[in-house]
Amino acid sequence: MNIKHFLETPPSYIALKKILSNLNKKYNFIKLYSIGKTWLNKDIFSISIGNINDATIFVGAVHSQEWLTTLLLIKLIDKICLSINYNLKLYNLDIKEEFKIKGIIFVPMLNPDGVEIGINGASAGKKFSNHISNIISSSNEKWQANARGVDLNHNFDAGFSILKKIEQQAGIIKPSPTQYGGVFPNSEKESKAIVDFILYNQNKINKLIAFHSQGEEIFYKYGNTINSKGKFLANIISKNSRYKLIENSGLASHGGLKDWFLQKIKKPALTIEIGKGENPLPITQLDEIYNKLAYSLILSIFL
């Protein structure tokens, strides 16, 4: 499988595994590894490039219907690798030299179980398929959760008790296609994997960007927690992409990966909502989204 074909179809786990393996074989300057396993024993893959002692981390597909974020990150990885390999400038930046100073860590699909369920239905949940079918039958919502019906972006340890009260007020009290945060923070293998990975490398990771869809929006604060460098970065991306700066509210105001990183790691963290429309966004939007964001994302690695 080549990059072009991968970017033309919804990203199955097998296809992602193959394309990352191909990139790893082709370029000796990248490192491919797993940061953990899902409930269905899928690897949560990560690729790193450059000096990861001073790195930014990009995380995609936290929600299953938002798999276009995975394609965006793979496209970005491919462009970076080509620039390094052929010693070409990217957006007038000497990428090869820049990566001697800074690094990037990509986690292109945090929720591979959920993505498979979102694309192929309950049967993709395997041992959880009956559980998933029962959840789906009592809801009109599209599947955004992991295989256990937990919304990963409600499962992080940031205002979790407050979030649970908001969920209960909204009638969300059990596993659901979306917005159910679980019984306790980091209860899910996927959220625990990314938290453990970041905590282990917190002296090396200088900022985080989590990718979601949709809305062409950027979130850079958590409650009253604002990182000045994060605000500066958000403004740069907003200016270059025309994405709007937004504040979280309601069910989206606690429990997110960006929220946890800002509060616990105390370094810059953003959530970027790519594209416009209804999830899953069509693949036909990918090039437009990439063209709006790529320069800012490349620049953000080196700031």
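Residues numbered from 1 in each chain as written. Predicted model: local features only at pLDDT ≥ 70, side-chain atom pairs only at ≥ 80, totals over all residues. Heavy atoms only, no water.

*Asks:* Any chance you could explain the overall build of the chain here in plain terms?
*Replies:* If you tally the helices and strands in the chain, you get 11 helices and 10 strands. Radius of gyration (C-alpha) of the chain: 18 Å, near the 19 Å computed for a compact globule of 303 residues. Along the first, second and third principal axes, the C-alpha set of the chain runs to 55 × 45 × 35 Å. Relative to its 303 residues, the chain shows a buried fraction of 58%. Surface exposure of the chain reaches about 12,900 Å², of which carbon and sulfur atoms provide 49%. On the chain, the mean spot of the 37 positive side-chain charges and the mean spot of the 25 negative ones are 4 Å from each other. (Helix = DSSP H or I, 4+ residues; strand = E, 2+ residues; numbered from the N terminus. Rg over C-alpha atoms; globule rule 2.2 N^0.38 Å. Buried < 20%, exposed > 50% of the residue type's maximum accessible area, 1.4 Å probe, protein only. Areas by Shrake-Rupley, 256 points an atom, 1.4 Å probe, with all protein chains shown as cover. Lys, Arg positive; Asp, Glu negative; His and termini not counted. Charge placed at Lys NZ, Arg CZ, Asp CG, Glu CD.)

*Asks:* I keep staring at the sheet that holds strand S1 (residues 30–37) and nothing clicks. Help me out?
*Replies:* Strand pairing in a sheet is mediated by backbone hydrogen bonds. Such pairs are either parallel or antiparallel. Read from one edge of the open sheet, 8 strands run S1-S2-S4-S3-S5-S10-S6-S9, paired in mixed fashion. Here the strands that pair on one side only, and so sit at the sheet edges, are S1 and strand S9 (244–245). Summarising the sheet, strand S3 (residues 55–59) and strand S5 (residues 205–213) pair through 5 bridges and their orientation is parallel. Paired with Ile57 across the strands is Leu208, a residue of S5. (Pairing = 2+ DSSP bridges.)

*Asks:* Sorry, what's going on with the pairing of strand S2 (residues 43–50) here?
*Replies:* Along a regular strand, successive side chains alternate from one face of the sheet to the other. With respect to burial, S2 is a largely interior element, 7 of its 8 residues being buried. Looking at chain direction, S1 and S2 are connected through 6 bridges and run antiparallel. Each bridged residue has a counterpart across the sheet, and for Ile30 the counterpart in S2 is Ile49. Turn length for the S1-S2 hairpin, with the two strands adjacent in sequence and antiparallel, is 5 residues, and the turn residue Asn41 shows positive phi of about 65°. Two strands pair when backbone bridges link them, and S2 and strand S4 (residues 103–107) are joined in this way by 4 bridges, in the antiparallel orientation. Residue pairing in the sheet places Ser48 in a bridge with Ile105 of S4.

*Asks:* Help me understand the environment of Asn53 in this model?
*Replies:* Among the secondary structure elements, Asn53 is positioned in the loop between S2 and S3. Considered as a pair, Asn53 and Lys4 are 49 residues apart in the sequence and their alpha carbons are 31 Å apart. Once residues within four sequence positions are removed from consideration, Asn53 is found in contact with Asn203 and Lys204. (Contact = heavy atoms within 4.5 Å.)

*Asks:* Help me understand the pattern of salt bridges, please; the structure alone is not making it clear to me.
*Replies:* Oppositely charged side chains are able to pair whenever their charged atoms sit close together. Summed over all chains, the structure comprises 15 salt bridges. With a shortest N-O distance of 2.6 Å, Asp196 and Lys192 are connected by a salt bridge. Of this pair, Asp196 and Lys192 both sit in helix H8 (residues 189–200), 4 residues apart, roughly one helical turn. Relative accessible area serves as the criterion here: at 42%, Lys192 is assigned to the partly exposed category. Where salt bridges share partners, they join Glu216, Lys276, Glu288 and Lys292 into one cluster. (Salt bridge = Lys/Arg side-chain N within 4 Å of Asp/Glu carboxyl O.)

*Asks:* Before we go on, may I ask you to explain the environment of Ser213 in this structure?
*Replies:* Note on placement: Ser213 falls in strand S5. Separated by 153 residues in the primary sequence, Ser213 and Gly60 have C-alpha atoms spaced 9.9 Å apart. If we ignore the near neighbours within four places in the chain, the residues touching Ser213 are Glu66, Thr69, Glu273, Ile274, Asn279 and Leu281.

*Asks:* Quick question: what am I supposed to make of the packing of helix H9 (residues 228–241) against helix H11 (residues 286–302) here?
*Replies:* To describe two helices that pack against each other, one gives the angle between their axes and the distance between the axes. Their axes nearest at 8 Å, the elements H9 and H11 cross at an angle of 155°. What the angle tells us is that H9 and H11 run roughly antiparallel. As H9 packs across H11, the resulting crossing turns out to be right-handed. For the pair formed by H9 and H11, the contact residues are Leu233, Ile236, Ile237, Asn240 and Ser241 on the first element and Lys292, Leu293, Tyr295, Ser296, Leu299 and Ser300 on the second. A breakdown of the residues in the contact of H9 with H11 according to their chemical character gives 6 nonpolar, 4 polar and 1 charged. (Axes fitted to C-alpha atoms, helices over the stretch in contact; angles between N-to-C directions. Parallel < 35°, antiparallel > 145°, perpendicular 65-115°, else oblique. Left-handed = near helix turned anticlockwise from the far one by under 90°. Nonpolar A, V, L, I, M, F, W, Y, C, P; charged D, E, K, R; others polar.)

*Asks:* Explain unusual backbone geometry here, please?
*Replies:* With the exception of glycine, most residues fall at negative phi, and the peptide bonds are largely trans. Omega for the bond connecting Ser213 with Gln214 falls within 30 degrees of zero, at 20°, which places this linkage in the cis form. Tracing the backbone through its elements, the reader meets Gln214 in the loop between S5 and strand S6 (217–219). With an omega dihedral of -5°, the bond running from Asn279 to Pro280 counts as a cis peptide bond. Here Glu216, not a glycine, exhibits a phi torsion of approximately 50°, which is positive.

*Asks:* Would you take a moment to explain the layout of surface pockets for this structure?
*Replies:* A probe matching the size of a water molecule, rolled over the atoms, marks out where space remains unfilled. The space that makes up the second largest pocket amounts to roughly 220 Å³. Lining the second largest pocket are 15 residues, with Gly171, Lys174, Pro175, Ser176 and Pro177 positioned closest to its centre. Across the lining of the second largest pocket, the residue classes break down as 6 nonpolar, 7 polar and 2 charged. (1 Å grid on protein atoms, 1.4 Å probe; cavity = no way out; pocket = protein on both sides within 12 Å on 5 of 7 lines; lining within 4 Å. Points joined across faces, edges and corners; volume = space filled by probe spheres on them.)

Everything listed here is a matter of coordinates, which is why it stays silent on function.
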